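Working through the structure, step by step
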Amino acid sequence: MKREKIEEKYKWRDSDLFASRDEFVAECDRVKIMLRKLTNYQGKLNTDKNILKFFNLENELNRKLERIIIFAYMRKSVEGNDPSNLEMGQMAQDISVKVSEALAFADPEISSLPNDQIKGLIADPAFTDFKRDLEFVIKNKPHVADAQTQKLVSGAGAFADFEDIFSQLSNIEMPIKDIVTAEGKKLTLTNANYSKFMRSSDRDIRRQAYENYYAAFASLNLTYSNLYTNTLKYENFLVKAFNFKGNFERTNFYEEVPQKLIETMLECVHEALPTFAKLQSIRKKVLGIDTLRYFDTFAPLTTGKEPKFTISRGADAIEKSLEVIGADYIDLVRHALNDRWVDLYPTPNKDSCSYCISCFDAHPYILTNYNNTLEAVSTLSHELGHAMQAYLASKQQPYNLAEAPSLTCEIASTVNEILTKKYLLDKAQTNEQKLLIIDSLLGDFYGAIFKQSMYTEFELYANDQVEKGESLSFDKLNSCYKGLIEKYFGKDLAATPNCEVEWSRLPHLYSPFYVYKYVVGFVSACIICGKLLSGDKDYKEKYLEFLKAGSSKSPLELLKLAEVDIMDAATYKQAFKLYELYIDELKELLGEN
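Residues numbered from 1 in each chain as written. Predicted model: local features only at pLDDT ≥ 70, side-chain atom pairs only at ≥ 80, totals over all residues. Heavy atoms only, no water.

A short note on the overall build of the chain
Scanning the chain for helices and strands turns up 25 helices and five strands. Radius of gyration (C-alpha) of the chain: 24 Å, near the 25 Å computed for a compact globule of 593 residues. For the chain, the spread of C-alpha atoms along the principal axes amounts to about 75 × 55 × 50 Å. A buried classification covers 54% of the 593 residues belonging to the chain. A sequence separation of at least 24 residues applies to 76% of the contacts in the chain between residues at least 6 apart. If you sum the accessible surface of the chain, you get close to 25800 Å²; carbon and sulfur atoms cover 48% of it. Here the chain holds 74 positive side-chain charges and 86 negative ones, and the gap between their average locations is 2 Å. (Helix = DSSP H or I, 4+ residues; strand = E, 2+ residues; numbered from the N terminus. Rg over C-alpha atoms; globule rule 2.2 N^0.38 Å. Buried < 20%, exposed > 50% of the residue type's maximum accessible area, 1.4 Å probe, protein only. Contact = heavy atoms within 4.5 Å. Areas by Shrake-Rupley, 256 points an atom, 1.4 Å probe, with all protein chains shown as cover. Lys, Arg positive; Asp, Glu negative; His and termini not counted. Charge placed at Lys NZ, Arg CZ, Asp CG, Glu CD.)

Some remarks on the nonpolar core
If you look at the biggest cluster of nonpolar residues, it comprises 151 residues, and the most contacted ones within it are Y516 and Y543. In terms of residue count, the dominant contributor to this core is helix α19 (residues 431–467) (16 residues). Ignoring sequence-local partners within four residues, the contact set of Y516 consists of F248, N252, V257, L261, I262, M265, L407 and T456. Judged by nonpolar contacts, the second largest core, of 44 residues, contains Y41, I51, L65 and A92. (Core = buried A, V, L, I, M, F, W, Y, C linked by side-chain atoms within 4.5 Å.)

Remarks on the packing of aromatic side chains
The description of two aromatic rings rests on the distance between their centres and on the angle between their planes. Within this structure, the stated rule accounts for 53 aromatic pairs. For the ring pair Y210 and Y294, a centre distance of 6.3 Å and an interplane angle of 80 degrees mean the geometry is edge-to-face. Note that Y210 is positioned in helix α10 (residues 203–219) and Y294 in the loop between α13 (260–287) and α14 (311–321), a separation of 84 residues in sequence. Accessibility expressed as a relative area gives 0% for Y210, which makes it buried. For Y294, a relative accessible area of 4% translates into the label buried. One Lys or Arg, K139, reaches over the ring of F253 and ends 5.2 Å from the middle of that ring. (Phe/Tyr/Trp six-rings, centres within 6.5 Å; stacked < 30°, edge-to-face > 60°. Lys NZ or Arg CZ within 6 Å of the ring centre and 35° of its normal.)

Some thoughts on the pattern of salt bridges
A full pass over the atoms with the stated rule returns 31 salt bridges. Put simply, R340 and E8 hold a salt bridge, and the shortest N to O gap is 3.4 Å. One end of the pair, R340, is in the loop between α15 (327–338) and β3 (342–343); the other, E8, is in the segment before α1 (21–39), with 332 residues separating them in the sequence. For E8, a relative accessible area of 46% puts it in the partly exposed group. Through salt bridges with shared partners, one network takes in R3, D343 and K350. (Salt bridge = Lys/Arg side-chain N within 4 Å of Asp/Glu carboxyl O.)

Some remarks on the side chain of T181
By the secondary structure assignment, T181 is in the loop between β1 (179–180) and β2 (186–187). For T181, a relative accessible area of 15% puts it in the buried group. Excluding its chain neighbours within four sequence positions, the residues that come into contact with T181 are L187 and I205.

Looking at unusual backbone geometry
Its identity as a non-glycine residue notwithstanding, R340 has a phi of 60 degrees, on the positive side. Although it is not a glycine, F513 adopts a positive phi angle of roughly 50 degrees. Tracing the backbone through its elements, the reader meets F513 in the loop between α21 (491–494) and α22 (516–533).

Here we look at the sheet that holds β3
Strand order across the open sheet formed by three strands is β3-β5-β4, with mixed pairing between neighbours. Only two strands of the sheet have a single neighbouring strand rather than two, namely β3 and β4 (355–358). Where β4 and strand β5 (residues 364–367) come together, four bridges link them in antiparallel fashion. By the bridge assignment, Y355 is partnered in β5 with L367. Sheet strands touched by helix α2 (residues 48–78): β3, β4 and β5. Its angle to β4, the strand with the most contacts, is close to 155 degrees. Strands β3, β4 and β5 of the sheet are contacted by helix α16 (residues 374–396), whose axis makes an angle of about 170 degrees with β5. (Pairing = 2+ DSSP bridges. Axes fitted to C-alpha atoms, helices over the stretch in contact; angles between N-to-C directions.)

Quick look at the structure:
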């Protein structure tokens, strides 16, 4: 449906940021003026008074810049082919780079201060909001480049918007062949509806969706390979510029996450692969096929018609499922749904993904492609979890501590998602409905744990190759990925044509070492949901405290607020026990016990 045909109440109200393009441009001009004031502090960040003034003014500038970047990004997300939106996107990128370049002097100057002086600032009540930043100044000293290098690196960012190139190539320029039904009807296949077709009960529809979709990526395999390889080279340039051992350390430095976490995570996932294989055997038997292919992994295990979740029905289920978190939380969810925080339905040239983006001086915004399915309800609940966490933290924390660390930011969203499906499962009145939801929950384990772990191993391999100075071709990337499919899913799935190019469709590869955080988020959410559903009233407050904490503590300390120890293998094993329980329930529903 064309965007102008969508009712206004189902489109986000970006005028809460800027009422017009002219206001956007005027704010850009104000940022430039503020930037000139900030650059006057160059060479003067050696007194407590000047440092405090600089920090406060920089915060003020960053809040304005945040609005600019978010507004431009939102406009491009819903109408990515509009020249005006593309121009605003370029303006936002340009001013962001200018800010980075102009303020490149700050980190080296502050880092050059004696540790005793910095510790004095940390102890000063006037610097309370900046305590975490100052603690990192001391910790970050080995990774601070000189001012000239810092400026060059900041400038290089203008040439490194690889994710934007990926988005335009995948969502706008890449042609994808239509699906043709047995009746000869053509069905348009896009990034936005691919997952819907992959859940079709018609195997030929699934096969065509899979083959046509990955044929498109395979036709551009060299292009995607070069794009990703150059991303890795740029990342490795940053590793060297800032004296890190590798890209994992660099990208997780401020998260304070040791690589041991990934090692523990992958060990536990590998131990659970035999359990996952049992589910694939059940799937093959239920589908009545001799050989399971990659396009069968999301095939529904029930032939019953999937219930239709209009937005009214879906929103009602979400609200009721989240009542265990508290009345205030539910009121905020309703407000988000009714006050146009959400851009709901798919339209031409709209981003195919779903996301939540938060502005400290406004409110969070959610983009989805709602299509009246169970998964659409789950996705909306997921993004509302992001929004609630962002909004609650913005009301509790100062600007520079409001954004949750990326390690913990997937937890609140996944808690919502699990609670919503668990509610629908409890309310299901037929075995067919229960099968649908159990299958979906098991699919979440598949997508959030097993697939993301596989992506993480792929990312580890690719980064390792570049960091060792080895060449990285599309053949190597494809070969690595196919080997991982065989490891995780078996030889039958690995024999599916073009499965080895699946890596090229993953936007998160352009946000290095992010995908493992989905695993952490899902495992943590399993533990948290168990506690919320146990009826422990005190735990509800602990969870809300976690949501409101932003980045006021390290991610591992934040998780402790929610009583989760993600470094402990026992935590993962507890989540996999839930996975086994769902498989047992599935077998019972299928009459296999």
